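Geometric and topological summary
One letter stands for each residue in the lines below.
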Amino acid sequence: QEDVFKKIVSHCKEYGFVFPSSEIYDGLGAVYDYGQNGVELKNNLKKYWWDSMVLLNENVVGIDSAIFMHPTIWKASGHVDAFNDPLIDNKDSKKRYRADVLVEDYLAKIDEKIDKEVEKAAKRFGESFDAAMFKETNPRVKEYQAKRDEVHTRFAKALNDGNLEELRNIIVDCEIVCPISGTRNWTEVRQFNLMFATEMGSTSDGAMKVYLRPETAQGIFVNFLNVQKTGRMKIPFGIAQIGKAFRNEIVARQFIFRMREFEQMEMQFFVRPGEELDWFKKWKETRIKWHKALGYGDAKYRFHDHDKLAHYANAATDIEFEMPFGFKEVEGIHSRTDFDLSSHEKFSGKKIQYFDPELNKSYTPYVVETSIGVDRMFLSTIAASYCEEKLESGEERVVLRLPAPLAPVKLGILPLVKKDGLPEKAEEIMSALKFDFKCQYDEKDSVGKRYRRHDAIGTPFCVTVDHQTLEDNTVTIRYRDTMTQERVAIDQLSNIISEQVSM
Ligand code: ATP
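Summarised in this report is the structure supplied together with it. Every value quoted in this text rests on a predicted model; they were computed, and no experiment measured them.

Our focus in this paragraph is the overall build of the protein chain. Along the protein chain, the regular secondary structure elements total 17 helices and 23 strands. Overall size of the protein chain, expressed as C-alpha extent along the three principal axes, is 80 × 75 × 55 Å. When the 503 residues of the protein chain are sorted by exposure, 48% land in the buried category. Within the protein chain, counting contacts between residues at least 6 apart in sequence, those at least 24 apart form 65% of the total. Summing over all exposed atoms, the protein chain offers an accessible surface of approximately 25400 Å²; the carbon and sulfur share of this is 49%. Within the protein chain, one finds 72 positive and 81 negative side-chain charges whose respective centroids are separated by 3 Å.

This next bit is on the site of the ligand. Around the ligand lies a shell of 15 residues, among which Glu249, Arg258, Met259, Glu329 and Val330 are the nearest. One of the backbone nitrogen or oxygen atoms of Val330 is found 2.8 Å away from an oxygen atom of the ligand. Take Arg376: an N or O atom from its side chain is 3.1 Å from an oxygen atom of the ligand. The fraction of the free accessible surface of the ligand (590 Å²) that becomes covered by protein chains is 81%. Contributions of two or more residues to the shell around the ligand are made by strand S10 (261–271), strand S13 (326–337) and strand S16 (366–373). When grouped by side-chain class, the residues that make up the shell around the ligand number four nonpolar, five polar and six charged.

Considering the arrangement of structural elements, one finds Glu117 in helix H5 (residues 99–125). Residue Glu117 is classed as buried on the basis of its relative accessible area of 12%. Within polar-contact distance, the side chain of Glu117 engages the side chain of Arg140 at 3.2 Å. The contacts of Glu117, once residues within four sequence positions are left out, are Phe134, Arg140, Val141 and Tyr144.

The way to describe two aromatic rings as a pair is by their centre distance and the angle between their planes. On inspection of all chains with the given rule, the structure shows 21 aromatic pairs. With 6.4 Å between their ring centres and 50 degrees between their planes, Trp49 and Trp50 make a pair best called tilted. A residue is classified by how much of its surface remains accessible, and Trp49, at 0% relative accessible area, is buried. Taking the centre distance of 5.8 Å and the plane angle of 15 degrees together, the rings of Phe224 and Phe237 count as stacked. You can see Phe224 sitting in helix H10 (residues 224–230) and its partner Phe237 sitting in strand S9 (residues 237–246), a full 13 residues away along the chain.

We now examine the pattern of salt bridges. Using the criterion set out here, one finds 41 salt bridges in the structure. With its nearest N and O atoms 2.2 Å apart, the salt bridge here joins Glu389 to Arg401. Linking Glu389 in strand S17 (residues 386–390) with Arg401 in the loop between strand S18 (396–400) and strand S19 (411–415), this pair joins segments that are 12 residues apart in sequence. Judged by its relative accessible area of 16%, Glu389 is buried. For the salt bridge of Asp481 with Arg480, the shortest nitrogen-to-oxygen distance reads 2.7 Å. On the accessibility criterion, Arg480 (3% relative accessible area) is buried. A single salt-bridge network, built from bridges that share partners, covers Glu389, Glu395, Arg397, Arg401, Arg452, Asp455, Arg478, Arg480 and Asp481.

In this section: helix H8 (residues 164–173). Looking at H8, one finds that the buried residues are Glu166, Leu167, Ile170 and Ile171. Down the axis of H8, the buried side of the element spans an arc of 145 degrees, and every buried residue falls inside it. Turning to H8, the residues buried within the fold contact strand S4 (84–90), H5, helix H7 (139–161) and strand S6 (186–193). Capping of H8 at its N-terminal end is provided by Asn163; its side-chain oxygen lies 3.2 Å from the backbone amide nitrogen of Glu165. Residue Glu175 follows H8 closely and has a positive phi angle near 55 degrees.

Take the sheet that holds S6 next. As a general point, the strands of a sheet are linked pairwise by backbone hydrogen bonds and lie either parallel or antiparallel. Judged by pairing direction, the sheet is antiparallel, and its three strands sit side by side in the order S5-S4-S6 without closing on themselves. Each having just a single partner strand, strand S5 (96–98) and S6 make up the two edges of the open sheet. Neighbour-to-neighbour, the strand axes of the sheet open up by a mean angle of 35 degrees, direction not taken into account. Pairing of S4 with S5, which is carried by three bridges, proceeds in the antiparallel orientation.

The strand order across the open sheet formed by seven strands is S3-S9-S10-S16-S13-S12-S11, and the pairing between neighbours is mixed. Sheet topology places strand S3 (60–62) and strand S11 (301–305) at the edges, where each strand pairs with a single neighbour. For this sheet, the mean inter-axis angle between neighbouring strands, taken without regard to orientation, is 25 degrees. Here nine bridges tie strand S12 (residues 315–323) to S13, and the two strands are oriented antiparallel to one another. By the bridge assignment for S13, Ala315 is matched with Ser335.

How each quantity is defined
Residue indices begin from 1 for each chain and proceed along its sequence in written order. Totals for whole chains, interfaces and linings use every residue, but because this is a predicted model, local features are given only for residues with pLDDT of at least 70 and side-chain atom pairs only at 80 or more, for both listing and counting. As a rule here, side-chain values come from all non-hydrogen atoms in the structure, and water together with hydrogens is ignored. Put simply, DSSP marks the helices as runs of H or I at least four residues long and the strands as runs of E at least two long, and each gets a number from the N terminus on. We call a residue buried when its accessible area falls under 20% of the maximum for its residue type, exposed when it is over 50%, and partly exposed in between, using a 1.4 Å probe and counting protein chains only. Contact between two residues is taken to exist if any of their heavy atoms lie within 4.5 Å; hydrogens are not considered. For the accessible areas, the method is Shrake-Rupley and the probe is 1.4 Å, while residue cover comes only from the protein chains on display. Charge counting follows a simple rule: Lys and Arg are positive, Asp and Glu are negative, and His as well as the terminal groups are ignored. Throughout, a charge is located at the NZ atom of Lys, the CZ atom of Arg, the CG atom of Asp or the CD atom of Glu. It suffices for a single heavy atom of a residue to lie within 4 Å of a molecule or strand for the residue to be listed as near it. Two N or O atoms form a polar contact when they lie within 3.5 Å of each other; inside protein one atom must be a possible hydrogen donor and the other a possible acceptor, and for residues adjacent in sequence the pair counts only when both atoms belong to side chains. Classes in brief: Ala, Val, Leu, Ile, Met, Phe, Trp, Tyr, Cys and Pro nonpolar; Asp, Glu, Lys and Arg charged; the others, Gly included, polar. Pairing of aromatic side chains requires ring centres within 6.5 Å, counting the rings of Phe and Tyr and the six-membered ring of Trp. Pairs whose planes differ by under 30 degrees are stacked, by over 60 edge-to-face, and all others tilted. Think of a salt bridge as a Lys or Arg side-chain nitrogen and an Asp or Glu carboxyl oxygen that are within 4 Å of each other. By construction, the arc corresponds to the directions joining the helix axis to the C-beta atoms. Note: two strands are recorded as paired if DSSP finds a minimum of 2 bridges between them. A fitted line through C-alpha atoms represents every axis, and for helices the fit uses only the stretch in contact; the resulting angles, taken between N-to-C directions, go from 0 to 180 degrees.

Don't take any of this as a statement about function, it's just geometry.
Structure follows, in structure tokens:
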């Protein structure tokens, strides 16, 4: 699995999907750039989300709010006081770690040890091996399991109580060492705010400290009245937004899964108080259907309902996707009560209420939010589509089995040879189709190599222009997934392909 992940990361780079940021300067931690194919795939994902939210729902409208916002917004939202990670430093290596992640890694290592014991035994005993029974009776495994349970219980309690001293005690008691220095010379655990701050205005006239937004949601809350009034929106209704968010993540690993600059697609749905849990259920169902419609396989998704809720929430769940490194959150769905609007009312001193003509009264709407990371969606899409195949000829091919509407390039247009008027004919097809969907002209290397390049970026269709084309205006169309080919008339291409690639 780890191996597949490494291959995906290098595939993304080799084929122009994702590059490390500032690479010629040796990169910048957890910041990435999307290349020529990556940006197309990303735009298609955003369109898939935007259309399903804003086009299909008459009562959902979009906005695009600024990244900079009044600093008091982050006081009201709770981010200044509570958007923290517990950090610990190793005094020898001077490296900083998230204390909770050090403990999680420790627990994962115990799990690995248990798995190894089970694997070893399975090899020894062959078919008659009963893993569950082995785990219950083998003394070594039982010892690992007991240690795991003990640490896990302490850890969960420490997190729940926000007890930083206990978090450090666990690290010390478990003899966790710094991966760099190998020593156990740890500092205290401190809370560290994840927001990036900068200054607005010149320092001489007393610059104001502002933050890069850590989520897009607050831009929606503070525009609630603007949109509701100017759009004459009636509750229930939603406001959707796609945009960049910034978090100074300390454990920045797993490629584009956890970045310091990333993109979110959020929708805040405003409802009558008391109806929020029904809407929460409805959005849960709607959102999982949206994911599953991509066809990556239903078994790759699961809900993770939260037992421990944030103080402002009365229900929360994550949609998790099976990444190459396990099931991980791609989307959060939260019933946030009236916390955000009430808090902005308090901090701004402006009344933020809705007059409900049917109930003939005013109230602060409740909010159900759906929040998904574009980059995590991108990673799940690549992971689900990446496929290494052994062909009958004995050759291997790497193919991205992307859903056709998401593919960066829909049609590869390939003249068989670079002479006899074939390139000109191919250019003619390109000019005719390029307004319908993304086409790419490609004349370099053998046709076989060109097919492989298009397989690797997920192009669902390629057409080859040969000498017969000049006579009868037909081309060979080749399908990515089956690799089958057939002869079709040029004037049918637009229809055949448009039908498959439209969202
Ligand atoms: P995590 O627990 O993984 O840090 P979170 O619960 O803090 O995520 P939310 O604040 O609910 O995440 O943000 C909503 C969505 O934004 C997440 O489901 C995820 O898809 C995306 N997201 C959050 N942080 C990052 C990040 N650092 N890099 C990429 N995407 C992110």
